[in-house]
Amino acid sequence: MELSDELRQLYQEVILDHHRAPRNYGNLESYTHQAEGYNPLCGDQIELFLRVNDAGIIEDARFTGQGCAISRASASLMTEALKGKSIEEAHTIFERFHHAVTSDPTAPIDADMLGKLVVLLGVREFPTRVKCATLPWHTLEQALAGGGTTTTE
Amino acid sequence: MSLHSLQTLAYDVERIRQDFPILAMRPYGKPLAYLDNAATTQKPRCVLDAMTHYYTHLHSNVHRGVHFLSEHATAAYEHARDVVASFIGARRREEIIFTRGTTESINLVAASWGGAFLRPEDEILLTVFEHHSNIVPWQLVAQRTGARLQVVPLEPDGSFFVERALEAITERTRIVAIAHVSNVLGIVVPVAPIIEHAHRVGAVVLLDGAQSIAHVNVDVTELDCDFYAFSSHKVYGPTGIGVLYGKAELLERMPPYHGGGDMIRRVTFERTTYNDLPYKFEAGTPPIAEAVGLARALEYVDSIGRDAIAAWEERLIAACIEQLEQIDGVQILGPKRGRAAVVSFSVEGVHPHDIATFLDREGIAIRAGHHCAQPLMDFFGIPASSRISVAMYSTEEEIERASTALRKCITLFRP
Ligand SMILES: Cc1ncc(COP(=O)(O)O)c(C=O)c1O
């Protein structure tokens, strides 16, 4: 059984790697921002912690929770991308990623701007799975907005 | 050779598949293996034709006109009621109420019967494996009346002991509302002793038949259940219609659920008198074409033979369990035996959604998620599971394709 091109795009080696061995997985002892994300459709759930210093820089980002390969890899890649960024930059990354991942599958990708996150764009061919990729990111926005629970469906 | 194997030998699944046009679909260029039948079943051509014929030759509103078409539409709609009554063994046609589906049927009983007869501290008995549609309506009426929900547990290994249900029935139990067949575990609940015991304490029993109607030979009179609810779309009929069977003496005493046209005898602004059964519970223009389609679907099922279908499906499910058990890391939810048409499982380290997406691209449709049974997922301590569910047109080859694809999928995620 050969994998289709779309499946190969969706489950790229980088994604599988971040799924099997997620980076920044675990609780953060002293955090300044926290939020939970929940997708009632599939039961996926994530808790995100950020430590932002006085200069407004994200010093550390971690997550826990249960989810599919896409949401786990997305959370893992996201926390990597956030470390060392200012809150403003974090919002910008969110905007860019969200815009790209919800765009038409044929729309061109600005790979330079997205960096490593481009591997998540295979999800554009799978409309029912886009929410899996965006769940950690909506949770990020929630955390930066002051915490609580965000729900995607 | 046993009667059972003779039956499945004579079963011509290829001929049956010819009756279902959608099975010829090729998603992503692959042959469709539709294994999500617990969510909804596909429709045979005769059902589609019956509905087209109805709209082409008979359509009008029912019970209202004196003209030619109205008489024909009314006759077709009422004939459908007779077909349903006979299919489930109801004694009287007025015990068959057409609703929008299982969900509305249960809501009707909860709101009408529950609203009228439940008192504070009364107990409503459910099981831990109920579908949300057999939980939430009871919570709503419990909040209104002060009644309490009681929940029959499963054994730690996921098997169901009927003794647990019998123990849970008390002097305070007013209604037992349980799935006849679990949509996640496929367990066929041995309802006879539960019904008998409930009646002994003066409680009534509602069976959620959403998953039993297509797979188990149901006779409500023999079962002696008080209510039986099902959806047409789960038994090869159209969406948008379902049935509530209720014993006439109970339905007579229950207040109307919805108000409107057709359910009244005489309306003044001061006072309204209600129509007789079943019309008291059928406010507004009913789903007429859907009733015609449902009746045709039930006739189709009987033309194949319910016992033959059940034997075929049992064989498929046994094959499915056998193949899944051989795959490393696969955990089948619930007992291995005594189930109908449904197998749910979880796979260590691989999320159900990834499995479903992977299989989908092979043309194989299975379900991933909580299956509208979150309390049951909580019981197993998992957020979601994968589910394979078969129907009369499913084949062993489809099961094999699913298990082969599953092996491949697991290799991808867990090399
Ligand atoms: C056991 C059970 N009960 C109730 C329902 C609800 O049926 P419907 O959505 O057709 O009203 C379902 C359907 O998924 C079911 O499986």
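No experiment lies behind these values; they were computed from the predicted model shown. Per chain, the residues get numbers from 1 upward, laid out in the order the sequence is written. The order in which chains are written sets their letters, starting at A; the order in which ligands are written sets their numbers, starting at 1. This being a predicted model, a pLDDT of at least 70 is required before a residue's local features are given, and a value of 80 or more before pairs of side-chain atoms are given or counted; all residues contribute to the totals for chains, interfaces and linings. Only hydrogens and water are set aside; all other atoms, that is, all heavy atoms of the structure, feed into the side-chain values.

With that settled, the discussion passes to the interface of chain B and chain A. Put simply, an interface is often sized by how much accessible area is lost when its parts join up. Here a residue-residue contact requires only that any non-hydrogen atoms of the pair lie within 4.5 Å. Contacts between chain B and chain A engage 20 residues on the former and 26 residues on the latter. Here the buried area means the combined drop in accessible surface, using a 1.4 Å probe, for two parts upon being joined, counting both sides. For the pairing of chain B and chain A, the buried interface totals around 1,900 Å² over both sides, and the portion due to carbon and sulfur atoms is 59%. The residue Arg 129 of chain A makes a salt bridge to Asp 354 of chain B at a minimum N-O spacing of 2.9 Å. Polar contact criterion, stated in full: a pair of N or O atoms within 3.5 Å, where within protein one must be able to donate a hydrogen and the other to accept it, and residues adjacent in sequence count only if both atoms are side-chain atoms. Our count for the contact surface shared by chain B and chain A stands at 12 residue pairs in polar contact (both at pLDDT 80 or more). Strands are runs of DSSP state E lasting at least two residues, helices are runs of H or I lasting at least four, and both sets are numbered from the N terminus onward. The set of elements that each furnish at least two residues to the side of chain B that touches chain A consists of helix 13 (352-360) and helix 15 (396-413) of chain B. Each residue gets one label: Ala, Val, Leu, Ile, Met, Phe, Trp, Tyr, Cys and Pro are nonpolar, Asp, Glu, Lys and Arg are charged, and the others, such as Gly, are polar. Across the side of chain B that touches chain A, the residue classes tally to seven nonpolar, eight polar and five charged. A pair is scored as a salt bridge if a Lys or Arg side-chain nitrogen falls within 4 Å of a carboxyl oxygen belonging to Asp or Glu.

This paragraph deals with the sheet that holds strand 4 (residues 148-152) of chain B. Residue and element names in this part refer to chain B. Whether two strands pair depends on DSSP finding at least two bridges between them. The sheet built from seven strands is open, its strands ordered 2-8-7-6-5-3-4 with mixed pairing. Bordering the open sheet on either side are strand 2 (96-99) and strand 4, each of which pairs with just one other strand. Taken pair by pair, the neighbouring strands of this sheet meet at an average axis angle of 20 degrees, ignoring direction. Sheet topology places strand 3 (residues 123-127) next to strand 5 (residues 173-179); three bridges connect them, and they run parallel. Within strand 5, the residue paired with Leu 125 across the bridge is Val 176. The angle between two axes is taken between their N-to-C directions and runs from 0 to 180 degrees, where each axis is a line fitted to C-alpha atoms and a helix contributes only its stretch in contact.

All names here are of chain B. For each domain, the first and last residues come from an automatic or database assignment. Here chain B is described as being made up of domain 1 (3-40 + 305-413) and domain 2 (48-302). A separation of 28 Å is found between the C-alpha centroids of domain 1 and domain 2. With 37 residues of domain 1 at the contact, the number on the domain 2 side is 33 residues. Summed over both sides, the interface between domain 1 and domain 2 buries roughly 2,800 Å², with carbon and sulfur atoms accounting for 57% of that surface.

Before going further, it helps to examine the packing of aromatic side chains. Aromatic rings considered in pairs are described by the distance between their centres and by the relative angle of their planes. All names here are of chain B. Only rings of Phe, Tyr and Trp enter the pairing, Trp through its six-membered ring, and a pair is recorded when the two centres are within 6.5 Å. The plane angle decides the type: under 30 degrees is stacked, over 60 is edge-to-face, the rest tilted. Summed over all chains, the structure comprises 15 aromatic pairs over all chains. Pairing Tyr 11 with Trp 312 gives two aromatic rings, centres 4.8 Å apart and planes at 20 degrees, and the pair type is stacked. With Tyr 11 in the loop between helix 1 (3-10) and helix 2 (13-18) and Trp 312 in helix 12 (residues 306-325), this pair connects stretches of sequence that are 301 residues apart. According to the relative accessible area criterion, Trp 312 is buried, its value standing at 6%. Taking the centre distance of 6.1 Å and the plane angle of 50 degrees together, the rings of Tyr 228 and Phe 230 count as tilted. Each residue's exposure class comes from its accessible area (1.4 Å probe, protein chains only) as a fraction of the maximum for that residue type: buried when under 20%, exposed when over 50%, partly exposed otherwise. Judged by relative accessible area, which is 0%, Tyr 228 ranks as buried.

On the secondary structure map, His 19 of chain A appears in helix 2 (residues 13-20). Those residues in contact with His 19 of chain A that lie beyond four places of it in its chain are Ala 69, Arg 72 and Ala 73 of chain A together with Gly 349 and Phe 413 of chain B.

This next bit is on the packing of helix 4 (residues 68-88) of chain B against helix 11 (residues 288-304) of chain B. Residues and elements named next belong to chain B. Where helix 4 contacts helix 11, the axes come no closer than 8 Å and their chain directions differ by 40 degrees. As the angle between them shows, helix 4 and helix 11 are arranged oblique. For the element pair helix 4 and helix 11, the recorded crossing hand is left-handed. In this structure, helix 4 contributes Ala 73, Ala 76, Tyr 77, His 79, Ala 80, Val 83, Val 84 and Phe 87 to the contact, and helix 11 contributes Ile 288, Ala 291, Val 292, Leu 294, Ala 295, Leu 298, Glu 299, Val 301 and Asp 302. Residue composition of the contact of helix 4 with helix 11, by class: 14 nonpolar, one polar and two charged. Any angle that is under 35 degrees is reported as roughly parallel, and any over 145 degrees as roughly antiparallel; angles of 65 to 115 degrees are reported as roughly perpendicular and all others as oblique. In this scheme the handedness of a crossing depends on how the near helix is turned from the far one: anticlockwise by less than a right angle means left-handed, clockwise means right-handed.

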